[in-house]
Amino acid sequence: MATVSKSLARKALKTFLREKSNDGEEASCMRVALEEFLEEVNKGRSYHRPVCTACQVEMYPEKNGVGVLDMADFGPASLWDADLWQCSKCGLQIVSGFGNNPISRHHEGERFEKFIKNYRDYSLIIESR
Ligand SMILES: [Zn+2]
C-alpha cells in the first residue's frame, strides 16, 4: 500500500471544496478529519520524499495515481498504481510510491484491459521494460 502524502490529502480537500459551496465550517471539519485519517494511515511508517541527486532538493508529487505497466516479451504483464514525482529545479521525473501488489495482471483479461484504458483516459500510463 502506498503511503498517503499530505499533498494527496490536500488534493482530496480541494476536490471536496470544489464540490461544496463556500461552507467554511464544513471545510474546516473536513481538513481535521483528513489529517486524522493521514496520521492513522501513515502510523509507524517512515516517509521521505525522493531527493534529486543533481539538485539536492526534495522532489514534489507532480501527479498521484499514475499507471505503470510492466512489459514482458509477450506484451503488457502487470499494472501498478504509483505517483509521479518531479524535481522543481531540473524537471527530472521519477515514479515512486508503488503499492505492495499490482492492481491487475494480464491473465485477468478484460478486467486488465479496462484498468489500462482507465489510466490512459483519465491519468497516465508509463511502460516499464
Ligand atoms: Zn533536479
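(A) Region of the structure containing the nonpolar core. With eight residues, the main nonpolar core is built from Val68, Leu69, Leu79, Trp80, Ala82, Phe112, Phe115 and Tyr119. Those elements that place two or more of their residues in this core are β3 (60–72), β4 (75–86) and α3 (110–122). Sequence-distant contacts of Leu79, defined by excluding residues within four places in its chain, comprise Gly67, Leu69, Pro102, Ile103, Ser104, Phe112, Phe115 and Ile116.

(B) Local environment of α3. Taking 1.5 Å per residue, 13 residues should reach 18 Å; α3 reaches 18 Å between its end C-alpha atoms and fits that length. Listing the buried residues of α3 in full gives Phe112, Phe115 and Tyr119. Seen from one end, α3 has its buried residues packed into an arc of 65°, which puts them on one side. Facing away from the buried side of α3 by over 90 degrees, the exposed positions are Glu110, Lys114, Lys117, Arg120, Asp121 and Tyr122.

(C) Looking closely at the environment of Ile125. Counting through the fold element by element, Ile125 comes out in strand β7 (residues 125–128). In sequence terms Ile125 and Gly65 are 60 residues apart; their C-alpha atoms lie 9.8 Å from each other. With residues up to four places along the chain from it excluded, the contact list for Ile125 reads Gly67, Leu69, Ile116, Tyr119 and Arg120.

Cut-off values and rules
- Residues numbered from 1 in each chain as written.
- Predicted model: local features only at pLDDT ≥ 70, side-chain atom pairs only at ≥ 80, totals over all residues.
- Core = buried A, V, L, I, M, F, W, Y, C linked by C-beta atoms within 7 Å.
- Buried ≥ 20, exposed ≤ 12 C-beta atoms within 10 Å, placed from the backbone.
- Helix = DSSP H or I, 4+ residues; strand = E, 2+ residues; numbered from the N terminus.
- Contact = placed C-beta atoms within 7 Å.
- Expected span 1.5 Å × (residues − 1).
- Arc of directions from axis to C-beta.

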